[in-house]
Amino acid sequence: MIVTTTNSVEGYQIAEYKGIVVGEAIMGANVVRDVFAQITDIVGGRSGAYESKLQDARETALAELEDRARAKGANAVVGVDLDYEVVGQSMLMVSASGTAVVLG
């Protein structure tokens, strides 16, 4: 499955459009991770715990996007957009959307 942020795939022609597909992932963060992240914010640097959680959420959303594209009979997703949102006090939502297509 080819997944790209571009509207076309070089060397391929889009033979059929299957529709919009979306994958979402909502991940919770725990209290210990929050405390260490706040300390990191105060002293500077990167929060490895949150970066790891963000990566997990992004991978889950993209995998769900691919699964939904496959279910529509597509072999690629073009025009992919990733959105990140904070939900409530400690939930992270990643949404991936794009157009499922059949490449010829």
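Located above this text is the structure these notes cover.
Read on for an overview of the structure. Given the structure is predicted, the values throughout are model-derived calculations rather than measurements. (Residues numbered from 1 in each chain as written. Predicted model: local features only at pLDDT ≥ 70, side-chain atom pairs only at ≥ 80, totals over all residues. Heavy atoms only, no water.)

**Observations concerning the sheet that holds strand β1 (residues 2–3)**
With mixed pairing, 4 strands are arranged side by side in an open sheet as β1-β3-β4-β2. The open sheet is flanked by β1 and β2 (14–28), the only strands paired with a single partner. (Pairing = 2+ DSSP bridges. Helix = DSSP H or I, 4+ residues; strand = E, 2+ residues; numbered from the N terminus.)

**Quick look at the nonpolar core**
By size, the foremost hydrophobic cluster in this structure holds 14 residues, and its most contacted members are Val21, Leu65, Ala69 and Val77. Among the secondary structure elements, those contributing two or more residues to this core are β2, α2 (48–71), β3 (76–87) and β4 (91–103). Setting aside its immediate chain neighbours within four residues, Val77 contacts Met1, Ile2, Val3, Thr4, Val21, Leu65, Ala69, Gly98, Thr99 and Ala100. Ranked by size, the runner-up nonpolar core spans 5 residues in total, among them Val9, Ala76, Val78 and Val101. (Core = buried A, V, L, I, M, F, W, Y, C linked by side-chain atoms within 4.5 Å. Buried < 20%, exposed > 50% of the residue type's maximum accessible area, 1.4 Å probe, protein only. Contact = heavy atoms within 4.5 Å.)

**Focus: the pattern of salt bridges**
Two side chains of opposite charge can pair, provided their charged atoms sit close to one another. What the rule picks out here adds up to 5 salt bridges. A salt bridge links Lys18 to Glu16; its shortest N-O distance comes to 3.0 Å. According to the relative accessible area criterion, Lys18 is partly exposed, its value standing at 28%. Arg70 is the partner of Glu66 in a salt bridge, and the nearest nitrogen-oxygen pair spans 3.4 Å. Of this pair, Glu66 and Arg70 both sit in helix α2, separated by 4 residues, roughly a single helical turn. (Salt bridge = Lys/Arg side-chain N within 4 Å of Asp/Glu carboxyl O.)

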